[in-house]
Amino acid sequence: MRIMMYVIGILFILVGAILIFFQLPMSKTKSEFNQKKQEAINRQQLIEGSFSEEDIKDLPEPLQRYFRYCGFIGMKKPTYMQVTYKDVDFIQGGKPLKMDYMHYNFTTQPERVAFIDASVMGIPFQGLDNYLEGDGGMKGVIAKTINLFDVKGEGMNAAGLVTCLAEGLLLPSFILQDYVTWESIDNNHVKATLDYYGLKVSGIFTFDESGAFISFYTSDRMMADETTGTTQSVDWECIAEDYKEIDGIKYPTRLKAVWHEEQGDLVYFDSNQFKVTYY
């Protein structure tokens, strides 16, 4: 009897220690994210000045309309941005979950690094999604220590670069960089091509009549299979909705990411709570 009670006591202590460990704010994945973020910040060159009409005069008309609609004219040019999302509806490996998501995007080099924080049946699930110095990758870690997947390669390089392009309109300094070219299609559509590190990706931005960016569509983003570590080409779309003015700047307050698969559309990322901070 005493031995049984002793074993039960040890088990309670172990379970308690595990639960405390799960609640600790730091983790190896979060530390890696912070390190990669700081290294990317250190690579940037400070952008000075404020946006003017002169800056945008050679852009296609829909992009000029977007700058004016959002209120970027007169705003200080940011070097990079932080975007934070809360309670995102996310589908990972076919299973829905809630997650918090944070990413940093950089201007003088088209780079990004993102951190995913969620839980599966009370067990922490964290992820690192990055495109840095020409290399893309996506890693998932459960219980803060066990790698579920770590996908890299040419497919992820293209996926990372085209994600930088899709998110670029939230970072207006990005729009003016030499590595991205803009081709007017009509009054509401612009083709963008991003060429960097010997890799070229493109997609179509759609704007409404007021100037709001409402979608980005591309065939250059690869879908990763976390179980096999492989990627496949699937049409991908980012949708922006519900613009609101925050501190003098208009932002979409809902963002969705959609895979257009043969068997039907999959909305795998849906957020209506996010905040943009410029640096």
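Because the structure is predicted, anything quoted here is derived from the model rather than measured.

Colleague: Account for the overall build of the protein chain, naming residues and giving values.
Modeller: For the protein chain, the helix and strand inventory stands at six helices and 16 strands. Expressed as a percentage of contacts within the protein chain between residues at least 6 apart in sequence, the contacts between residues at least 24 apart total 50%.

Colleague: Just give me the short version of helix H2 (residues 28-43), but keep the residues and values in it.
Modeller: For H2, with 16 residues, the first-to-last C-alpha span of 23 Å sits near the 22 Å given by 1.5 Å per residue. Looking at H2, one finds that the buried residues are Thr29, Phe33, Lys37, Ala40 and Ile41. An end-on view of H2 places all buried positions within 110° of arc, on one side of the element. For H2, exposure combined with an orientation more than 90 degrees from the buried face picks out Lys28 and Asn42.

Colleague: Tell me about empty space enclosed by the protein, and please be specific about residues and values.
Modeller: Under the criterion given, the structure shown has one cavity of 30 Å³ or more. Volume-wise, the largest cavity comes out at about 40 Å³. Taken together, Met81, Asn105, Phe106, Pro110, Glu111, Cys164, Glu167, Gly168, Leu171 and Phe174 form the lining of the largest cavity. Only strand S2 (95-106) and helix H5 (154-167) provide two or more residues apiece to the lining of the largest cavity. Among the residues making up the lining of the largest cavity, the classes are represented as six nonpolar, two polar and two charged.

Colleague: Residue-level account of the packing of aromatic side chains, with values.
Modeller: Per the counting criterion, the structure on display carries 24 aromatic pairs. Judged by centre distance (4.6 Å) and plane angle (45°), the rings of Phe205 and Phe216 are tilted. Placement of the pair is Phe205 in strand S9 (residues 199-207) and Phe216 in strand S10 (residues 213-218), with a sequence separation of eleven residues. Per residue, the accessibility class of Phe205 equals that of Phe216, and both read buried. Here a set of aromatic residues connected by ring pairs shows up, and it is made of Phe33, Tyr80, Tyr104, Phe106, Phe115 and Tyr279. The residue whose ring lies beneath Arg221 is Trp236, and the NZ or CZ to ring-centre distance is 4.5 Å.

Cut-offs used in this document
- Throughout, a residue's number is its position along its own chain's written sequence, starting from 1.
- Predicted model: local features are reported for residues with pLDDT of at least 70 only, side-chain atom pairs are reported and counted for 80 or more only, and whole-chain, interface and lining totals are derived from all residues.
- By convention in this description, side-chain values take in all heavy atoms of the structure and omit both hydrogens and water.
- Going along the chain from the N terminus, every DSSP run of H or I of four or more residues is numbered as a helix, and every run of E of two or more is numbered as a strand.
- Two residues form a contact once any of their heavy atoms are found within 4.5 Å.
- In this analysis, the expected span of each helix is defined as 1.5 Å times one less than the number of residues it contains.
- Three labels apply to residues, based on accessible area from a 1.4 Å probe with only protein chains included: buried if under 20% of the type maximum, exposed if over 50%, partly exposed otherwise in between.
- Working definition: the arc comes from the directions between the helix axis and the C-beta atoms, pointing outward to the latter.
- The definitions used throughout rest on a 1 Å grid laid over the protein atoms alone, on which a cavity is an enclosed set of points accommodating a 1.4 Å probe that cannot get out and a pocket is an open set flanked by protein within 12 Å on both sides along at least five of seven lines; lining residues are those having an atom within 4 Å of a point.
- Grid points are joined across faces, edges and corners, and a volume is the space filled by probe spheres set on the points.
- Residues are grouped as follows: Ala, Val, Leu, Ile, Met, Phe, Trp, Tyr, Cys and Pro are nonpolar; Asp, Glu, Lys and Arg are charged; all remaining types, including Gly, are polar.
- Only rings of Phe, Tyr and Trp enter the pairing, Trp through its six-membered ring, and a pair is recorded when the two centres are within 6.5 Å. The plane angle decides the type: under 30 degrees is stacked, over 60 is edge-to-face, the rest tilted.
- Only Lys NZ and Arg CZ are tested; either one counts as a charge over a ring when it is within 6 Å of the ring centre and within 35 degrees of the ring normal.

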